[in-house]
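# Observations on chain architecture
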Amino acid sequence: MLASDPPPLTPGDTLPVPGLDGIYVLSVKSFADRIAHIRRELGAQRLDFEFVFDHDAAELEPTVLARQFPPDTQLSRAHCSLVLKHAEAWRRALSRGQRTILVLEDDVLLNRNFRVGLATALAAGRELRDGWLIFLGGADTKVPDAFFLSETPLFPLPLPTAEGYLTDAAAMARRVAWLDANQADLPADHLINQIDEACGIPQYWLRSPVVEQGSVFGLFTSKLDRNRLKHSTVYNWLRYHWNKIRRRRLRGCWVKLRARLGG
C-alpha cells in the first residue's frame, strides 16, 4: 500500500452484495492517484475488492507479448497490458469458482445509486441464460431510439468501453478459451466485443448507468486515448457533459414525446 492511500477496509467495514462473488479493479502499481481514488470510491460504497496489478506495461515480458499478440501488432504496451489485466481478472475468478464478478478500471466514478443499480443488474442477470456481460456505464454514449422506449432494466447493445461491467463464469470461460487459442490485436473494449460475438456471448447495458469513466472528462489524464490528449481538461469536461445532456436527456425526452404523439 502506498503512503498516500486511504486505509483498506476491514471485513467488518464491508457490506457484501448478494449474488456478487468478487470485484476486480484493473490498475497499475505506480498509479498512486488512481489507486487512492478507487479506494475512496469503493470504500464509500462499503465494497470489498482486489486490485489486478499483474501485467503492468513496464513489466511485460517478451514471451508473454509473443504468446498473446502478433509480432506486427499496432497496440501499445499500455493497450496490451490492459487486455492482459482483463483476462487476469477472468482467470482468477474462474480459478476460485466465482460465478459472477464486477470488473472496474481504476478511473471510474460510482454513481450515488451504484448499489441499487448493481443489485438491479445482478437480478436481471440471474434471468439470463448462462454466458453474458452487463455494461454499467455509457452515460454520454449514443443509443438507438428503442433504448429510451424500453421498460426493462437491461437493453441488448454492444460494449462501447470497458470501465465497468458484470459478467458470469460461462462467459469468462469462453473468453479465456478464445484467448488461449487466438492472438489478440485489438484494444480491450473492442477485443471483448470481438470475442463475445465469436463465442455467442450476448452483451447488455444497464439502462440507468451507474459508473462513469474519469479519464473521459479530465479527472485523470488518459493513458490510452490519444484523441483526448489533444484537448484541454476544460474542453473534455464540457464535451462530456454536453454529450450526456444531448445524447441521453434531450434525445430521450424527444424520442418519448414523439412516441406519445404517434410520430
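Preceding this paragraph is the structure being described.
Report follows, based on the coordinates.

Here is what the cut-offs are and how they apply
- Residues numbered from 1 in each chain as written.
- Predicted model: local features only at pLDDT ≥ 70, side-chain atom pairs only at ≥ 80, totals over all residues.
- Heavy atoms only, no water.
- Helix = DSSP H or I, 4+ residues; strand = E, 2+ residues; numbered from the N terminus.
- Buried < 20%, exposed > 50% of the residue type's maximum accessible area, 1.4 Å probe, protein only.
- Contact = heavy atoms within 4.5 Å.
- Pairing = 2+ DSSP bridges.
- Phe/Tyr/Trp six-rings, centres within 6.5 Å; stacked < 30°, edge-to-face > 60°.
- Lys NZ or Arg CZ within 6 Å of the ring centre and 35° of its normal.
- Expected span 1.5 Å × (residues − 1).
- Arc of directions from axis to C-beta.
- Core = buried A, V, L, I, M, F, W, Y, C linked by side-chain atoms within 4.5 Å.
- Axes fitted to C-alpha atoms, helices over the stretch in contact; angles between N-to-C directions.
- Parallel < 35°, antiparallel > 145°, perpendicular 65-115°, else oblique.
- Left-handed = near helix turned anticlockwise from the far one by under 90°.
- Salt bridge = Lys/Arg side-chain N within 4 Å of Asp/Glu carboxyl O.

## Section: unusual backbone geometry
In this structure, Arg46 is a non-glycine residue whose phi angle is positive, near 55°. Take Arg46: it is sitting in the loop between helix 1 (32-44) and strand 2 (50-52). The exposure class of Arg46 is partly exposed, given its relative accessible area of 40%. Phi at His55 is positive, roughly 70°, even though this residue is not glycine. Mapped onto the elements, His55 comes out in the loop between strand 2 and helix 2 (62-68).

## A look at the environment of Lys142
Here Lys142 is to be found in the loop between strand 5 (133-135) and helix 5 (145-149). Judged by its relative accessible area of 59%, Lys142 falls in the exposed class. The sequence separation of Lys142 and Lys244 amounts to 102 residues, and the corresponding C-alpha distance is 9.1 Å. Not counting the four nearest positions on each side in its chain, Lys142 is found in contact with Trp205 and Arg247.

## Focus on the pairing of strand 7 (residues 164-168)
When you tally the buried positions in strand 7, you get five out of five residues, the bulk of the element. Pairing between strand 3 (residues 100-105) and strand 7: five bridges, direction antiparallel. Bridge pairing in strand 7 places Leu102 opposite Leu166. Sheet topology places strand 5 next to strand 7; three bridges connect them, and they run antiparallel. Across the sheet, the residue bridging to Phe135 is Tyr165, located in strand 7.

## Looking at the packing of aromatic side chains
Summed over the entire model, instances satisfying the criterion amount to six aromatic pairs. Here the aromatic rings of Phe51 and Phe53 are separated by 4.8 Å at their centres, their planes lie at 20°, and the arrangement is stacked. In this structure an aromatic cluster arises from ring pairing among Phe135, Phe147, Phe148, Phe155 and Trp205. The ring of Trp90 has Arg175 lying over it, and the distance from NZ or CZ to the ring centre is 5.0 Å. Its guanidinium or amino end placed over the ring of Phe147, Arg207 lies 5.7 Å from that ring's centre, counting from NZ or CZ.

## Structural notes on helix 6 (residues 169-181)
Relative to the 18 Å expected for 13 residues at 1.5 Å per residue, helix 6 spans 18 Å between its end C-alpha atoms, a close match to the ideal helical length. Taken as a whole, helix 6 has its buried residues at Ala171, Met172, Arg175, Val176, Trp178 and Leu179. Considered in projection along helix 6, the buried side chains sweep an arc of 160° and stay on one side of the axis. Residues of helix 6 that are exposed and point over 90 degrees away from its buried face: Asp180 and Ala181. Its buried side turned inward, helix 6 meets helix 2, helix 3 (77-95), strand 3, strand 5, strand 7 and helix 7 (188-199).

## A few points about the nonpolar core
With 39 residues, the main nonpolar core has Phe69, Trp90, Ile101, Tyr165, Leu179, Leu191 and Ile192 as its most contacted residues. Among the elements that take part in this core, helix 3 stands out by supplying eight residues, more than any other. Not counting residues up to four positions away in its chain, the partners in contact with Tyr165 are His86, Trp90, Ile101, Leu102, Val103, Leu133, Ile134, Phe135, Leu136 and Ile192. If you look at the next biggest cluster of nonpolar residues, it comprises 29 residues, including Leu47, Val108, Phe114 and Ala121.

## Description of the packing of helix 3 against helix 7
Where helix 3 contacts helix 7, the two axes come as close as 9 Å, and the packing angle between them is 50°. Between helix 3 and helix 7, the angle is such that the two are oblique. As helix 3 packs across helix 7, the resulting crossing turns out to be right-handed. Along its contact with helix 3, which presents Leu82, Val83, His86 and Trp90, the element helix 7 presents Ala188, Leu191 and Ile192.

## Points about the packing of helix 6 against helix 7
Each pair of packed helices can be summarised by the angle the axes make with each other and by the distance between the axes. Their axes nearest at 10 Å, the elements helix 6 and helix 7 cross at an angle of 105°. Taken together, the axis directions place helix 6 and helix 7 in an arrangement best described as roughly perpendicular. Counting all contacts with helix 6, which are made through Arg174, Arg175, Trp178 and Leu179, the residues of helix 7 involved are Leu191, Ile192, Gln194, Ile195, Asp196, Ala198 and Cys199.

## As for the pattern of salt bridges
For side chains bearing opposite charge, pairing can occur when the charged atoms are close. Enumeration according to the criterion identifies twelve salt bridges in this entry. Taking the shortest distance from any N to any O, the salt bridge between Arg92 and Glu50 comes out at 2.6 Å. Highlighted residues: Arg92 in helix 3 and Glu50 in strand 2, separated in sequence by 42 residues. Residue Arg92 is classed as buried on the basis of its relative accessible area, which comes to 13%. Using a relative accessible area of 25% as the deciding quantity, one classes Glu50 as partly exposed.

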